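Topology and contacts: notes
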Amino acid sequence: MTYDELLMNAKNCVGRYCHACPVCDGRACGNHIPGPGAKGTGDVAVRNYDAWQKIRINMDTITENKTVDTTFRAFGKEFDIPVFAGPIGDVRRHYGDKYDFMQYSNILVRACRENGIAAFTGDGVNPAIMASAADAIRACGGLGVPTVKPWDAATLGERMHEVKKSGSFAVAMDIDAAGLPFLKNCVPPAGRKSEEELSDIIEEAGRPFIVKGVMTVAGALKARRAGAAAIVVSNHGGRVLDQVPATAEVLPEIAEAVGGSMTILVDGGIRSGIDVFKALALGADGVLIARPFVTAVYGGGREGVATYVDKLREELRDTMFMCGANTLKDIKRSMVRL
């Protein structure tokens, strides 16, 4: 299957909000929620993508001609490339009826494992979303990252029970989901967590904890003090607050503040292996990509995921080769031009 075939197949079944665009840049879906769009004007999703495109690559081929190695090591695991599939919860609500959350999780988690990466899975009001994701991860030997919402204490306890049953190598919380309407209206209240509350949650998790939704140096330092093993520099694809910066704009200062003391991941508008290279050059250790993996699953199932991962791998490898980076550790800030 080619990537163009994947996109063509997805257009016929991905629902009325997503358009399976050749470039997933947030323009066609705009502020349509449900769907893959962003909150308010829809501006943030577009700027996430555009910010990466404004960064240019510094080519240098006067260097030793070695084989390029894209191997990524994190959380005690080894992956083929520094990419994770991002979490999506209720896919039927946002992307049409072809798959429910159970079918989507099973396909995505298994396909990611088969192709040398891992998937973050989603959460939602329906507890079966987390339960089915945990089942999919457990069936793949724990190779996945369940992502829980910042629920109230009782609901968090229930979700963490599923996380532990999954045997996952790590767990994440998309703490910026506090801006989603269904969390704002929860009774008892869900949403923001104090540093002390987050510390207790991390201790209870009993495995490497990833705080997703960090957009400031102050937030990164709080997550580190609370005991997080990693953060994801993320604005939730623009779905929780309008007019925030693009992730590429804040990544360098966050990486400078906490880089080396915790794993730094980033998402938001990253679509190609070249974008992955740029993110690493700005200080990230790895990236999350969400919406294009939905298109891959809807357009080709496990084969679609394989096609997209192959595309990312070859683009990253080619960029590294042409810039004189033989390993991920060789990628430096000087290899990109802002």
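1. Focus on the sheet that holds strand β5 (residues 118-121)
Strand pairing in a sheet relies on backbone hydrogen bonds, with the paired strands running either antiparallel or parallel. Taken in spatial order, the eight strands close into a barrel running β4-β5-β6-β7-β8-β9-β10-β11, and their pairing is parallel. The average angle at which neighbouring strand axes cross in this sheet is 25 degrees, direction not considered. Here strand β4 (residues 83-85) runs beside strand β11 (residues 286-289); their pairing, made up of three bridges, is parallel. Opposite V83, over in β11, you have V287 as the bridge partner. Its contacts with the sheet place helix α11 (residues 273-281) against β4, β10 (263-266) and β11, and it is angled at close to 135 degrees to β11.

2. Some details on the pairing of β5
The two faces of the sheet receive side chains in turn, since in a regular strand these alternate between them. Covered by surrounding structure in β5 are A118 and F120 together with A119 and T121, the residues of both alternating faces. Across two bridges, the pairing between β4 and β5 is parallel. Within β5, the position partnered with F84 by the bridge is A118. Sheet topology note: the β5/strand β6 (residues 144-148) ladder contains three bridges and is parallel. Each bridged residue has a counterpart across the sheet, and for F120 the counterpart in β6 is V145. Between the parallel elements β5 and β6, the chain passes through helix α5 (residues 127-139) in a crossover that is right-handed.

3. Some details on the nonpolar core
Membership of the largest hydrophobic core comes to 106 residues, with the highest contact counts inside it found for F84, Y104, F209, I231 and F293. For this core, the element with the highest residue contribution is helix α12 (residues 291-323), accounting for twelve residues. Those residues in contact with F209, other than ones at most four positions away along the chain, are M160, V171, M173, L198, I201, I202, A228, A229 and A230.

4. Side note on the pattern of salt bridges
By the definition in use, this model includes 19 salt bridges. Put simply, E64 and K66 hold a salt bridge, and the shortest N to O gap is 3.9 Å. A salt bridge links D310 to R313, with the nearest nitrogen and oxygen atoms 2.6 Å apart. Taken together, the residues span about one helical turn, with D310 and R313 both in helix α12 at a distance of three residues. On the basis of relative accessible area, R313 is assigned to the buried category, the value being 12%. Each of the salt bridges in this network shares a partner with another, and the network as a whole consists of D25, R27 and D50.

The rules we used
Residues numbered from 1 in each chain as written. Predicted model: local features only at pLDDT ≥ 70, side-chain atom pairs only at ≥ 80, totals over all residues. Heavy atoms only, no water. Pairing = 2+ DSSP bridges. Helix = DSSP H or I, 4+ residues; strand = E, 2+ residues; numbered from the N terminus. Axes fitted to C-alpha atoms, helices over the stretch in contact; angles between N-to-C directions. Contact = heavy atoms within 4.5 Å. Buried < 20%, exposed > 50% of the residue type's maximum accessible area, 1.4 Å probe, protein only. Right-handed = clockwise from strand over helix to strand, strands pointing away. Core = buried A, V, L, I, M, F, W, Y, C linked by side-chain atoms within 4.5 Å. Salt bridge = Lys/Arg side-chain N within 4 Å of Asp/Glu carboxyl O.

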